[in-house]
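The residues making up each chain are set out below.
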Amino acid sequence: MKTLNISYIECGEFRDTNLLMAKMEILNQEPISCEPWPAFSTDTKVEFSIAHNGNAILLKYKIQEKYLAAREVNNGDIHNDSCVEFFVAFDDDECYYNLEFNCLGFTKIGYGSRRENRDLISLEMISKIGFSSRINSKLPIEQKGYHWEILLVIPKEIFVHHQINSFGRLQARGNFYKCGDGLPQPHFLSWNRIDAAEPDFHRMESFGRLEFLAGEEA
């Protein structure tokens, strides 16, 4: 099981996206490179960086992939698009949140203990998430496809089934993913390895350990 220390950074009111992007760029870049299901082998490249400022999780993904799709809307079947995901369970909770984002920032968030019958977070609450996405299709000839990145500011209020005063010193478990179920070449990548016969991200036993470090807000 992997362990990830999530640093505290001071980032004010997030008014300067370029500044926040730059701050995220100097953090450790974690690869999402496990391919649990060889039948869906892919040359897609993904990495992410994550931090918090006490009141929000700051999450940035960088992706290079052959195909790009964004057909879904908020709380739709985001996993069919060019999609990145973050699943997280706080403390010893037997339930977890699944946060899914396509390349245009459309979002799906659910909560529950299993894949089925998940409680979807309201569209009003989803609108509180800040994001900035960038797509570049002008890659070198030998790198056909798209490079895109998305920066997400996920406030603590999003996690409606918990009362989070601060992310500082919070203990959690989670995993980070890249998928595209509806793409011409579907793929399923994870940060922490998953042991399952079929593609399935909803496996809490495959979550890694997340340690939110204390900062100036503590």
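Residues numbered from 1 in each chain as written. Predicted model: local features only at pLDDT ≥ 70, side-chain atom pairs only at ≥ 80, totals over all residues. Heavy atoms only, no water.

### Looking at the pairing of strand β10 (residues 146-155)
Here comes step 1: Counting buried positions over the 10 residues of β10 gives eight, a clear majority of the element.
Here comes step 2: Bridge count for strand β4 (residues 56-65) against β10 is 10 bridges, and the pairing is antiparallel. Each residue of the ladder has a partner; that of Leu58, found in β10, is Val153. (Buried < 20%, exposed > 50% of the residue type's maximum accessible area, 1.4 Å probe, protein only. Helix = DSSP H or I, 4+ residues; strand = E, 2+ residues; numbered from the N terminus. Pairing = 2+ DSSP bridges.)

### Concerning the side chain of Glu85
Here comes step 1: Within the fold, Glu85 resides in strand β5 (residues 83-90).
Here comes step 2: With no salt bridge to any partner, buried Glu85 finds its closest opposite charge in Arg115, at an N-O distance of 8.3 Å.
Here comes step 3: Not counting the four nearest positions on each side in its chain, Glu85 is found in contact with Tyr61, His79, Leu99, Glu100, Asn175, Phe176, Tyr177, Cys179 and Phe201. (Lys, Arg positive; Asp, Glu negative; His and termini not counted. Salt bridge = Lys/Arg side-chain N within 4 Å of Asp/Glu carboxyl O. Contact = heavy atoms within 4.5 Å.)

### Brief notes about unusual backbone geometry
Here comes step 1: One non-glycine residue, Asn75, lies in the positive phi region at around 65°.
Here comes step 2: The topology assignment puts Asn75 in the loop between β4 and β5.
Here comes step 3: Even without glycine at this site, Arg169 takes up a positive phi of about 70°.
Here comes step 4: Secondary-structure assignment places Arg169 in the loop between β10 and β11 (171-179).
Here comes step 5: Judged by relative accessible area, Arg169 falls into the exposed class, the value being 59%.

### What to know about the pattern of salt bridges
Here comes step 1: Throughout the structure, instances matching the rule amount to eight salt bridges.
Here comes step 2: Lys62 is the partner of Glu47 in a salt bridge, and the nearest nitrogen-oxygen pair spans 3.8 Å. Taken as a pair, Glu47 in strand β3 (residues 45-52) and Lys62 in strand β4 lie far apart in primary sequence, 15 residues in all.
Here comes step 3: With relative accessibility at 27%, the residue Glu47 sits in the partly exposed group.
Here comes step 4: What makes Lys62 buried here is its relative accessible area of 18%.
Here comes step 5: A salt bridge links Arg203 to Asp200; the nearest nitrogen and oxygen atoms lie 3.7 Å apart.
Here comes step 6: With relative accessibility at 16%, the residue Asp200 sits in the buried group.
Here comes step 7: Through salt bridges with shared partners, one network takes in Glu25, Glu47, Lys60 and Lys62.

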